[in-house]
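Below are the chains, spelled out letter by letter.
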Amino acid sequence: MILILGLVVDSWNELGQTPLFVASYLRKLAMVNMLLNIGADPNIRMVGGYTPVHAACYSGSRRILKSLMKFGGDLSIHDLHRTIPP
């Protein structure tokens, strides 16, 4: 984890989601790229076992998925229901 101005880039919100997960799900490419460049983990698991890679797949953004994969995103990580990203 990397500290930026005292904040952990992979910290969770009240829903158990990291900033990278939220940005991936909301299709915010510039934010995803910025978070990845400062060290956000594309494979960190949220509540339910979901990762930012799952979020990118659910949002349908190929560009975000490509960015996550470039930084080591793993399509084989399954959630708590034993499913991998669609």
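Everything here concerns the structure above.
Owing to the predicted nature of the structure, the values given are computational and were not obtained by experimental measurement.

Applying the stated criterion across every chain yields a total of one aromatic pair. Here the aromatic rings of Tyr50 and Tyr58 are separated by 6.3 Å at their centres, their planes lie at 75 degrees, and the arrangement is edge-to-face. Residue classification places Tyr50 among the partly exposed positions, given a relative accessible area of 24%.

Once that is clear, we can look at the nonpolar core. Formed by 13 residues in total, the largest nonpolar core has its most connected members in Leu20, Val32, Leu35 and Leu68. Among all residues touching Leu20, those that are not within four sequence positions of it are Val32, Leu35, Leu36, Ala40, Asp41, Pro42, Pro52 and Leu68.

Looking now at the packing of helix α2 (residues 29–37) against helix α4 (residues 62–70). α4 packs onto α2 with a crossing angle of 5 degrees between their chain directions and a minimal axis gap of 10 Å. The angle between α2 and α4 falls in the class roughly parallel. In contact with Leu29, Val32, Asn33 and Leu36 of α2, α4 contributes Arg63, Ile64, Ser67 and Leu68. Residues belonging to the contact of α2 with α4 are distributed by class as follows: five nonpolar, two polar and one charged.

Rules of the game
Residues numbered from 1 in each chain as written. Predicted model: local features only at pLDDT ≥ 70, side-chain atom pairs only at ≥ 80, totals over all residues. Heavy atoms only, no water. Phe/Tyr/Trp six-rings, centres within 6.5 Å; stacked < 30°, edge-to-face > 60°. Buried < 20%, exposed > 50% of the residue type's maximum accessible area, 1.4 Å probe, protein only. Core = buried A, V, L, I, M, F, W, Y, C linked by side-chain atoms within 4.5 Å. Contact = heavy atoms within 4.5 Å. Axes fitted to C-alpha atoms, helices over the stretch in contact; angles between N-to-C directions. Helix = DSSP H or I, 4+ residues; strand = E, 2+ residues; numbered from the N terminus. Parallel < 35°, antiparallel > 145°, perpendicular 65-115°, else oblique. Nonpolar A, V, L, I, M, F, W, Y, C, P; charged D, E, K, R; others polar.

Purely geometric numbers; function is a separate question.
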